[in-house]
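Understanding the architecture of this molecule
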Amino acid sequence: MDSTVHSTLIGSAAEPPISFAFWNVRPDVVTDNLARFAAETGASIIAHEIAGDYGSWMDHAFETSAAPMVFYAQRAEAAQWDARGFLRALEETGPLAASLAGMDARLIEGARNAAGDLIGLTYYNGGPFAVFAHCDHAVPDDLTSWDAVLDHLRASQRGGIAHPFVPRWHDSQTGLVWSLLCHLASEGVLSLDDAGAPEAMTAALRFFDTLCREALVPPAAVHDKGDTPAVIRWASGQHVMTFTMDYLAADAAQQAGRPINVPMALPGATGTALFPGHALLCLNARIDPAMRSRAEALLTYLGGRDATGRPGVHQRWLTDCLFAVPYPELDRDRAVQAALGRFFPAPGTQDHVARLIEGRNRAQVSPPTQQAWFLDWSSQADDLIRHQLLHERRLSPAAIADQLLHRWNGLRKAARS
């Protein structure tokens, strides 16, 4: 996938600008946040909005010594870039200390590398995944296993719903493989090194295979390139259940013109929710020392607390977009909870909000995405599952699971040799 960049100077040009790169999710909100920072501090920022393949654009920028001072990174990207020496560890004293106070400890620890260094500040949490029922369809709230989910989908199909389930299987590092990791977590498997990983992965892939073989999912789902097609399908009301990022309830409500998502109890042996991603704000290791304090101030403003001590940027992401954010105080805020209610249908609006928040409070960060070799494994895993299992059905779920775990171990060994 190619990348395109749109660069904008924000604030006064009286001093050298802080360079900043971000992927193009709600660029209107991002640039407005930057403008607020510039107005409050007198800083100038050259903002690079990257559409398309953000990771490749950043890789090229690092290789040519043109990488911005501050930038977004998916957790797996941060792990890879840190292993290559491109990230500067953040100082946890001084101005940043106030932002770390009260921040979710799971996300502070999840942003550390193997040496214990903090390599980024949380922009938002990638997930967790949640099971949603569509408000136009009755779904029992006691589907405690994925087999029970299959039985309900089959019953829905017999009742006239052609493709009752909408999966999140798009072709990117955040799509099909994240769905697999979240399925494994629901069965109590967080690490691919867990003793139960082979059995759980085989069962998860068998679930995916069954969805396709029995036409329980729209056939086009295997060809998706991003979230949009799945959101459009889901908003149509022609499907019964979905398993996807919980914040996409906001996108679905916007697409449908009304709130439609009813949060369900997560199936699985443990029902553990997972943050498969963990989007970070990172600092370039090669930053000019003269610019470092100004760049750190921008990073802290976007990923922490402002000068008044409020996590204002995070509150905006939560109330505007339903993004999971790293400050539990916002989840407890009654005004925030009321604002989130507009994304969920009545009756039971506030119960739906409470279940969303409960899922986030119980969610775990993902150990695999913290590894420097994850992106290499992810691309191989997507290819194997998508083509050898879901498209061509050349290999069994057990054979695919065996290959995935073998490749994980091989990449880990290579990275550590």
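This structure is a prediction, so every number in the text was calculated from the model and none was measured.

1. Structural notes on the layout of surface pockets
- Its boundaries defined by the atoms lining it, the largest pocket holds a volume of some 1,600 Å³.
- The wall of the largest pocket is formed by 50 residues, among which Val25, Gly52, His170, Ser172 and Thr174 lie closest to the centre.
- Mapped by element, the contributors of at least two residues to the lining of the largest pocket are strand S3 (44-52), helix H2 (54-63), helix H3 (75-83), helix H9 (227-235), helix H10 (248-256), helix H12 (312-321) and helix H16 (374-391).
- A total of 8 residues in the lining of the largest pocket trace back to one element, the largest contributor, which is H16.

2. Considering the packing of aromatic side chains
- In total, this model carries 29 aromatic pairs according to the counting rule given.
- Relative to Phe323, the ring of Tyr124 lies with its centre 4.7 Å away and its plane at 25°, an arrangement referred to as stacked. Within this pair, whereas Tyr124 is found in strand S5 (residues 121-126), its partner Phe323 is found in the loop between H12 and helix H13 (328-332), the two being separated by 199 residues in sequence.
- Where Phe165 meets Phe207, the ring centres are 6.1 Å apart and the plane angle is 90°; that geometry is what we call edge-to-face. Of this pair, Phe165 sits in strand S7 (residues 165-166) while Phe207 sits in helix H8 (residues 197-213), placing them 42 residues apart in sequence. The same class applies to Phe165 and to Phe207, which are both buried.

3. What about the sheet that holds strand S6 (residues 129-134)?
- If you trace the 4 strands from one edge of the open sheet to the other, you get S7-S8-S6-S9, paired in mixed fashion. Strands at the two margins of the open sheet, each flanked by one partner only, are S7 and strand S9 (261-263).
- Strand direction decides the pairing type here: S6 and strand S8 (residues 241-245), joined by 5 bridges, are antiparallel. Bridge pairing in S8 links Val131 to Phe243.
- Strands in contact with helix H7 (residues 176-186) are S6 and S8; relative to S8, the strand with the most contacts, it is inclined by about 105°.

4. Here's the deal with H10
- Considered for burial, the residues of H10 that qualify are Leu248, Ala249, Ala250, Ala252 and Ala253.
- Considering only its buried residues, H10 is in contact with S6, H9, S8, S9 and H12.
- Just downstream of H10 lies Gly257, where phi reads positive at about 80°.

5. A word on the pattern of salt bridges
- Across all of its chains, the model carries 26 salt bridges by this definition.
- In this structure, the salt-bridge partner of Arg154 is Asp151, at a minimum N-O distance of 3.2 Å. One end of the pair, Arg154, and the other, Asp151, are both in helix H6 (residues 146-158), 3 residues apart, so they sit about a helical turn from each other.
- Assessed through its relative accessible area of 24%, Arg154 is described here as partly exposed.
- The exposure class of Asp151 is partly exposed, given its relative accessible area of 47%.
- Asp246 is paired through a salt bridge with Arg360; the nearest N and O atoms lie 2.8 Å apart. In this pair, Asp246 sits in the loop between S8 and H10 while Arg360 sits in helix H15 (residues 349-362), placing the two residues 114 residues apart along the sequence.
- One salt-bridge network, held together by shared partners, links Asp32, Arg36, Arg316 and Asp320.

6. Section: the pairing of S3
- As defined by bridge partners, strand S1 (residues 3-11) adjoins S3 across 9 bridges and the pair is classed as antiparallel. Among the inter-strand pairings, Ser3 is bridged to a residue of S3, identified as Gly52.
- With 6 bridges joining them, strand S2 (residues 18-23) and S3 adopt parallel strand pairing. Bridge pairing links Ala21 to His48 in S3.
- Between S2 and its parallel partner S3, the chain crosses via helix H1 (residues 27-41), and the hand of that crossover is right-handed.

7. Side note on empty space enclosed by the protein
- Here the structure, examined in full by the defined rule, presents 6 cavities of 30 Å³ or more.
- Size it by volume and the largest cavity reaches roughly 110 Å³.
- In this structure, the largest cavity is lined by 14 residues; those nearest its centre are Ala230, Val231, Thr242, Thr244 and Leu248.
- Looking at the lining of the largest cavity, the elements with two or more residues in it are H9, S8 and H10.
- Element by element, the count of residues in the lining of the largest cavity is highest for H9, at 4 residues.
- Looking at the lining of the largest cavity residue by residue, the classes come out as 9 nonpolar, 3 polar and 2 charged.
- Here the second largest cavity is characterised by a volume of approximately 60 Å³.
- Taken together, the residues of the lining of the second largest cavity break down into 7 nonpolar, 2 polar and 1 charged.

So, how was this worked out
Residues numbered from 1 in each chain as written. Predicted model: local features only at pLDDT ≥ 70, side-chain atom pairs only at ≥ 80, totals over all residues. Heavy atoms only, no water. 1 Å grid on protein atoms, 1.4 Å probe; cavity = no way out; pocket = protein on both sides within 12 Å on 5 of 7 lines; lining within 4 Å. Points joined across faces, edges and corners; volume = space filled by probe spheres on them. Helix = DSSP H or I, 4+ residues; strand = E, 2+ residues; numbered from the N terminus. Phe/Tyr/Trp six-rings, centres within 6.5 Å; stacked < 30°, edge-to-face > 60°. Buried < 20%, exposed > 50% of the residue type's maximum accessible area, 1.4 Å probe, protein only. Pairing = 2+ DSSP bridges. Contact = heavy atoms within 4.5 Å. Axes fitted to C-alpha atoms, helices over the stretch in contact; angles between N-to-C directions. Salt bridge = Lys/Arg side-chain N within 4 Å of Asp/Glu carboxyl O. Right-handed = clockwise from strand over helix to strand, strands pointing away. Nonpolar A, V, L, I, M, F, W, Y, C, P; charged D, E, K, R; others polar.

Honestly, that's just the spatial picture; any functional story needs more than this.
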